[in-house]
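Coordinate inspection notes
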Amino acid sequence: MSRTLQIISIQHELAMHIGLDLNLDKMLQLFLDRAKKRLSLRRAVVFKEAPRAGKENDLLCYPYDHRSDEVNDWLVEQVYQFNQLDMMTFCHKKGQSFFYLFKIPHFGAISFERRIQPIDDIVLHALLPLFERLAVSCQACLEHQKLVDEIKNRKAIEEQLRRQTYQDVLTGLPNRKMLSINLQSLLINVQQRGQFGAVFFIDLDRFKLINDTSGHSVGDELLINITSQLKTCIRRDDTLARVGGDEFILLLSNIGSDEQSAVTRATKVADKMLDITRESIELSHCSVYTSFSIGIALFPSPELSANLTIGEQAKHLIKHADVAMYKIKHTSRNGYMFYRQELQVMSAFRSSVEQRLHIALREQLFSLYFQPLVDVDGKVVAAEALIRWHDETLGWVGPQDFIPVAEESGLIVDIGLWVLRHTCELIAQNRDWFDRGKLRYISVNISPRQFSQAHFVEQILAVIDEYNISHSYLLLEITEGVAMENITTAISIMNALAAHNLHFMLDDFGSGYSSLSYLHKLPLKSVKIDRSFVAKIDQSADNQVIVEAIIYISRHFSLECVVEGVETLEERAYFSDKGVAAIQGFHFFKPQPESAFVALINAIH
């Protein structure tokens, strides 16, 4: 009777530890710990699937303490062979240990190891029903885990969809949709609390050029870097969102109870942002120079609050900040501007310019003007081709108004090719100018977007060869910004064209980049001193030092030095003994229509 009660006690105690936890690992560990204690086992291991001998990766057991030694490898082999047999239990003796193997139906097997003394046969027989129950509990754990995994996967998918709906994938910032929700909520709070807020429209200058010349991986890394640095400029409760490729919007709340204090607070934030790009930005494999153009719109705004819904006010505020950003981007860049109502008129004009530009390009409504360059004696030696546009609706539209729009819309590529083609046609019609020494070259301006085109070199050479003119009759002008954006790519492109006797002039030299340190690397023929250093140079000792340094450096690197923007007799006199190659400016010639320019050059003896 005592023996029977003992066996029943063992059965009951082990059975009570089956299914106490729906986590498979924990449930098995509870059962194994109790089995080792009640049956005086040295070790107890559950195998989820029968392992193959010698393949450790196939072994899945609880607890996982498999070590590759003689005993363990032997046990793995025995379990594998046992699983092939049509029997529920089996015993092996190895050394002083007895190894008992039991089937766990539809799950795997379990191994008990006992030292010295074997387990009584009556006890073994009494254990068999437990493994049927253990199998059911294991399957329940697996089904539960499957359900848990399905719920986790569904939640993960829902979270992913939520992020895709409201979050920018690259930077992790809120996207435009989330921004709109936050802005509308902010506008409601502003009306209740009487506090001012601000919308910043932030554009990363020259980002497309960086992306096109250095690759999208560099562009993505730059955006992530910029995002991280912008976050340091704002408070935790402010909202920074990415709403386009290189466009961010910042929402500032509670920045003052009156407009002046709001302007002061917004200005401090804008200044901190501009400080980010004072130096080059270091990326994994390169350094890049960029800057911000920032438009700022304050709210609440009387002109918006009157008859518009909250949603409409939010859209107009973003539009206002965008208008201010565009204005600063196409005047000075690397700065900020607060929205003023008169900027809206300018924005409407910009839209009209873009619409009419498409028509002008399609119907060839542009004109070429030419501004001669002279030597120090006033003799014409070269010329620069300049595009002009008169629209029947808009009238005369200055280059400062339509070139930025053309650059932004992408039309500048086709416009640049039009200028190049017509300049080559003029040269082809007047080869004797160059053969007889009347002109050395005519220069054409190459825009940043045109320079970054994948097939730029092939396009340029194809147009020139179409007119069968000497490549030396043409000079390509690029700005410092284009050359310095990606110095390696710029050098490669310039060398490819220089190999065909086609050369470059660096325009606006000294206007704000670190080109002095790279000047010896660029395959240039000429540099053109920026006009900002030329104006009233006879009265500015600082400008004189800069200009004379540029002239000296140009001479050192065997580069022709051209001066632009000479408008007075005093400015001309200053450069008369400086040894520059050419001078350009209204003091000598204004840009002339093609017919007047042809007549001028033909009149030269």
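The coordinates are above.
This write-up is about the structure you can find in this document. (Residues numbered from 1 in each chain as written. Predicted model: local features only at pLDDT ≥ 70, side-chain atom pairs only at ≥ 80, totals over all residues. Heavy atoms only, no water.)

With that settled, the discussion passes to the sheet that holds strand β7 (residues 239-242). On the basis of which strands lie adjacent, the open sheet formed by five strands has the order β7-β8-β6-β11-β12 and mixed pairing. Looking at strand neighbours, the two that pair on one side only are β7 and β12 (335-338), the edges of this open sheet. Across the sheet, the axes of successive neighbouring strands diverge by a mean angle of 20°, strand direction being ignored. Of the strands in this sheet, β6 (197-204), β7, β8 (247-252) and β11 (292-299) touch helix α5 (residues 176-193), which is tilted by about 20° from β8. Lying over the sheet, helix α10 (residues 310-329) contacts β6, β8, β11 and β12, oriented at roughly 145° with respect to β11. (Pairing = 2+ DSSP bridges. Helix = DSSP H or I, 4+ residues; strand = E, 2+ residues; numbered from the N terminus. Axes fitted to C-alpha atoms, helices over the stretch in contact; angles between N-to-C directions. Contact = heavy atoms within 4.5 Å.)

Moving on: α10. The end-to-end C-alpha distance of α10 is 29 Å, a good match for the 28 Å that 20 residues give at a rise of 1.5 Å each. The element α10 is largely enclosed, with a buried count of 14 among its 20 residues. (Expected span 1.5 Å × (residues − 1). Buried < 20%, exposed > 50% of the residue type's maximum accessible area, 1.4 Å probe, protein only.)

The full count for this structure, using the stated rule, is 15 aromatic pairs. Measuring from ring centre to ring centre gives 5.7 Å for W433 and F597, while their planes differ by 90°; the resulting arrangement is edge-to-face. Residue W433 is found in helix α14 (residues 431-435), and its partner F597 is found in helix α22 (residues 594-603); the two are separated by 164 residues along the sequence. Summarising the burial analysis for this pair, W433 and F597 share the class buried. Through a chain of ring-to-ring contacts, three or more aromatic side chains come together here, namely F366, W389, F402 and W418. Taking the ring centre of F82 as reference, the NZ or CZ of K103 above it sits at 4.9 Å. One residue, R350, lies across the ring of Y326, its end atom 3.5 Å from the ring centre. (Phe/Tyr/Trp six-rings, centres within 6.5 Å; stacked < 30°, edge-to-face > 60°. Lys NZ or Arg CZ within 6 Å of the ring centre and 35° of its normal.)

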